[in-house]
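Structural features, examined
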Amino acid sequence: MPSTSERIRGFGESVIRRMTRVANAHGAINLSQGFPDFDPPAELLAAGERAMREGPHQYAITWGDAGLRRAIAEKQSRLMGIEIDPDRHVVVTCGSTEAMMAAMMTVCNPGDEVVVFSPFYENYGADAILSGAVPVFAPLVPPGFGFDRAALEAAMARRPKALILCNPSNPCGKVFDADELRFIADLAIRYDVFMIADEVYEHIVFAPHKHGYIAALPGMAERTISCSSLSKTYSITGWRLGYAIASAEVVDGMRKVHDFLTVGAAAPLQAAAVTALRFPPAYYDELAAAYAEKREIFLAGLDAAGLVYTPPQGAYYVLVDISGFIDGTDWDDARFAEWLARRVGVAAVPGSSFFREPVRHLIRFHFAKKPETLRAAGERLLRVDELWRQDRG
Ligand code: GLN
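Parameters at a glance
Residues numbered from 1 in each chain as written. Predicted model: local features only at pLDDT ≥ 70, side-chain atom pairs only at ≥ 80, totals over all residues. Heavy atoms only, no water. Near = heavy atom within 4 Å. Polar contact = N/O pair within 3.5 Å; in protein donor to acceptor, adjacent residues only side chain to side chain. Areas by Shrake-Rupley, 256 points an atom, 1.4 Å probe, with all protein chains shown as cover. 1 Å grid on protein atoms, 1.4 Å probe; cavity = no way out; pocket = protein on both sides within 12 Å on 5 of 7 lines; lining within 4 Å. Sits in = over half its atoms within 2 Å of the grid points. Nonpolar A, V, L, I, M, F, W, Y, C, P; charged D, E, K, R; others polar. Helix = DSSP H or I, 4+ residues; strand = E, 2+ residues; numbered from the N terminus. Contact = heavy atoms within 4.5 Å. Buried < 20%, exposed > 50% of the residue type's maximum accessible area, 1.4 Å probe, protein only. Arc of directions from axis to C-beta. Pairing = 2+ DSSP bridges. Axes fitted to C-alpha atoms, helices over the stretch in contact; angles between N-to-C directions. Points joined across faces, edges and corners; volume = space filled by probe spheres on them. Disulfide = S-S within 2.5 Å. Salt bridge = Lys/Arg side-chain N within 4 Å of Asp/Glu carboxyl O.

1. Observations regarding the site of the ligand
Within the structure, the ligand sits among Ile16, Arg17, Gln33, Gly34, Tyr121, Asn170, Tyr201, Lys232, Tyr317 and Arg364. Between the ligand and the protein, one listed contact pairs an oxygen atom with a side-chain N or O atom of arginine 17 at 2.8 Å. Protein contact buries 86% of the 300 Å² of open area that the ligand shows by itself. More than half of the atoms of the ligand fall within 2 Å of the grid points belonging to the largest pocket. Looking at the shell around the ligand, its residues break down into 4 nonpolar, 3 polar and 3 charged.

2. Re the environment of cysteine 172
Its location among the elements puts cysteine 172 in the loop between strand 6 (162–166) and helix 8 (178–190). Between the C-alpha atoms of cysteine 172 and glycine 351, which are 179 residues apart in sequence, the distance is 9.6 Å. When residues no more than four places from it in sequence are discounted, the contact partners of cysteine 172 are Pro119, Leu140, Phe145 and Leu319.

3. Describing helix 15 (residues 384–392)
Taken as a whole, helix 15 has its buried residues at Val384, Leu387 and Trp388. Along helix 15, the residues classed as buried sweep out an arc of 100° about the axis, all on the same side. For helix 15, the elements touching its buried residues are helix 12 (323–326), helix 13 (333–344) and helix 14 (371–381).

4. Focus on the sheet that holds strand 6
Pairing is mixed in the open sheet, where 8 strands are placed in the order 2-9-8-7-6-3-4-5. The outermost strands of the open sheet, each flanked by one partner alone, are strand 2 (90–93) and strand 5 (146–147). Contacting strand 2, strand 7 (194–198), strand 8 (224–229) and strand 9 (242–245), helix 9 (residues 248–262) crosses the sheet at an angle of about 25° to strand 2.

5. Topic: the sheet that holds strand 13 (residues 349–350)
The pairing of strands in a sheet happens through backbone hydrogen bonds and is either parallel or antiparallel. Ordered by their spatial adjacency, 4 strands build an open sheet running 10-11-14-13, and the pairing between neighbours is antiparallel. On the outer flanks of this sheet lie strand 10 (308–309) and strand 13, each paired with one strand and no other. Pairing between strand 10 and strand 11 (residues 317–321): 2 bridges, direction antiparallel. Counted as the bridge partner of valine 308 is aspartate 321 from strand 11. Those strands touched by helix 11 (residues 281–304) are strand 10, strand 11 and strand 14 (362–366), and its axis lies near 10° from that of strand 11. Against the sheet, helix 13 contacts strand 13 and strand 14, and its axis sits at roughly 45° relative to strand 14.

6. Overview of the layout of surface pockets
Taken as a whole, the largest pocket encloses approximately 990 Å³ of empty space. Contributing to the lining of the largest pocket are 45 residues, with Ser14, Arg17, Tyr121, Glu122 and Asn123 lying nearest its centre. Sorting the residues of the lining of the largest pocket by element identifies helix 2 (15–26), helix 5 (95–107), helix 6 (123–131) and strand 4 (134–141) as the ones contributing at least two each. Per element, the largest residue contribution to the lining of the largest pocket is 7 residues, and it comes from helix 6. A per-class count over the lining of the largest pocket returns 19 nonpolar, 16 polar and 10 charged. As a volume, the second largest pocket reaches approximately 530 Å³. As for the second largest pocket, its lining consists of 18 residues, of which Glu202, His203, Tyr284, Asp285 and Ala288 are closest to the centre. For the lining of the second largest pocket, the secondary-structure elements that each account for two or more residues are helix 4 (66–80) and helix 11. With 7 residues, helix 11 is the largest single contributor of residues to the lining of the second largest pocket. Looking at side-chain class alone, the lining of the second largest pocket contains 9 nonpolar, 3 polar and 6 charged residues.

7. Let's talk about empty space enclosed by the protein
Counted by the stated rule, this structure contains 1 cavity of 30 Å³ or more. Around the largest cavity, the lining residues are Val116, Phe117, Pro119, Phe120, Tyr124, Leu140, Ile164, Leu165, Cys166, Ser169, Asn170 and Phe176. For the lining of the largest cavity, the elements supplying multiple residues, two or more each, are strand 3 (113–118) and strand 6. Among the elements that line the lining of the largest cavity, the one with the most residues is strand 6, at 3 residues. Residues belonging to the lining of the largest cavity are distributed by class as follows: 10 nonpolar, 2 polar and no charged.

8. Quick look at the state of the cysteines
Enumeration over the complete set of coordinates arrives at 0 disulfides. Not engaged in a disulfide, the cysteine cysteine 227 finds its nearest cysteine sulfur in cysteine 166; these two sulfurs lie 11 Å apart. On the basis of relative accessibility, which here comes to 0%, the residue cysteine 227 falls in the buried class.

9. With respect to the environment of alanine 178
Counting through the fold element by element, alanine 178 comes out in helix 8. Given the relative accessible area of 63%, alanine 178 is considered exposed. In this structure, the C-alpha to C-alpha distance between alanine 178 and leucine 217, residues 39 residues apart in sequence, is 9.7 Å.

10. As for the pattern of salt bridges
According to the stated counting rule, one finds 20 salt bridges in the structure shown. Of the charged contacts, one joins glutamate 6 and arginine 9 as a salt bridge, the two residues approaching to 3.3 Å between their closest N and O atoms. In this pair, glutamate 6 and arginine 9 are both assigned in helix 1 (residues 6–9), 3 residues apart and thus about one turn of the helix distant. Judged by its relative accessible area of 47%, arginine 9 is partly exposed. Lysine 161 is paired through a salt bridge with aspartate 112; the nearest N and O atoms lie 3.4 Å apart. Taken as a pair, lysine 161 in the loop between helix 7 (149–157) and strand 6 and aspartate 112 in the loop between helix 5 and strand 3 lie far apart in primary sequence, 49 residues in all. Using a relative accessible area of 26% as the deciding quantity, one classes lysine 161 as partly exposed. Through salt bridges with shared partners, a single ionic network connects Glu13, Arg18, Arg21 and Glu338.

Have a look at this one:
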């Protein structure tokens with residue numbers, strides 16, 4: 001038999017998706033792969049029903065339904081404070097996953113370096129491999145997840161092609177503050193580097209933290225590819241709708257990559273999504289308030305179980321420190337996460353799948369779940385110590 005490509009040997013299976021299968025196999029509450037267990041807004045569902053009845057059922061324009069692009073441009077122009085032309089600056093993709101991949105393929109030549117903060121969302125590793133780019137890592141150091149400015153500058157001074165900024169961050173919940181964003185933007189300008197921003201959690205931020213769009217900083221709109229998604233903001237991860245906003249030149253390239261990769265996102269879902277993009281500002285306040293409540297419930301559960309964690313500033317993940325369990329044993333985070341799903345009935349993602357560095361003492365939970373699901377997870381976690389001692393004793 002002929003052999004498969006070298007390329008696919010460069011990456012393993014997604015640990016996030018694998019943990020969902022582990023959760024299902026053990027009937028665990030799945031706090032691994034981040035997606036909601038509650039319904040999207042009723043108005044959006046009604047728009048979806050209408051679109052299914054009335055169409056469109058054939059291809060949308062490859063780079064996105066005109067109405068949806070207009071709605072994205074209007075909403076994001078308002079929020080980001082930049083002029084976004086729906087006909088020149090927007091491409092609609094199959095989730096932000098495709099937007100990020102298309103961005104990398106559009107700006108990188110094989111061998112180009114791309115700076116990635118570590119910990120990072122695991123797809124970026126695969127994005128780099130598939131686009132031929134070479135990741136260079138800049139650490140965000142637990143437990144506070146600050147970054148060393150000199151280390152970042154050293155990485156940028158190598159004149160990489162792009163820097164990937166996930167803000168708010170999956171998995172560590174960091175929200176880069178105004179000063180950090182300015183510092184990063186200045187480096188991008190000084191060393192002439194593209195900024196690929198993954199901002200899918202832009203509306204999930206906890207006071208007093210505030211999300212700033214890096215594209216909005218002086219000199220950054222031209223060099224930033226702002227990728228985002230409807231998945232988290234409207235609780236429709238399965239609809240696979242995302243987009244990128246960038247300069248006309250970059251968008252032109254991305255549209256071609258996107259066209260040949262997927263032709264386009266689902267036409268009826270794009271039509272329905274216009275309804276969501278037109279929600280009033282109160283919708284986003286309510287979303288943030290609902291997530292603040294989920295965060296509070298889940299962190300209270302972790303506290304009650306005596307677990308140690310870094311409180312997230314944004315997004316819907318929390319990294320929990322399991323050193324107290326595994327230190328002095330031959331266990332690592334992956335084995336602990338499997339055990340936790342099987343014995344305690346709560347699934348998490350081993351932290352090592354997000355770190356470049358050999359970090360083995362963290363696991364990631366997500367809290368995009370109904371309050372009752374989070375309370376049930378908290379109840380189960382109350383027994384973690386006792387079950388661990390039973391099994392290890
Ligand atoms: N972004 C989510 C996570 O990190 C889900 C990713 C995915 O499976 N596409 O868990």
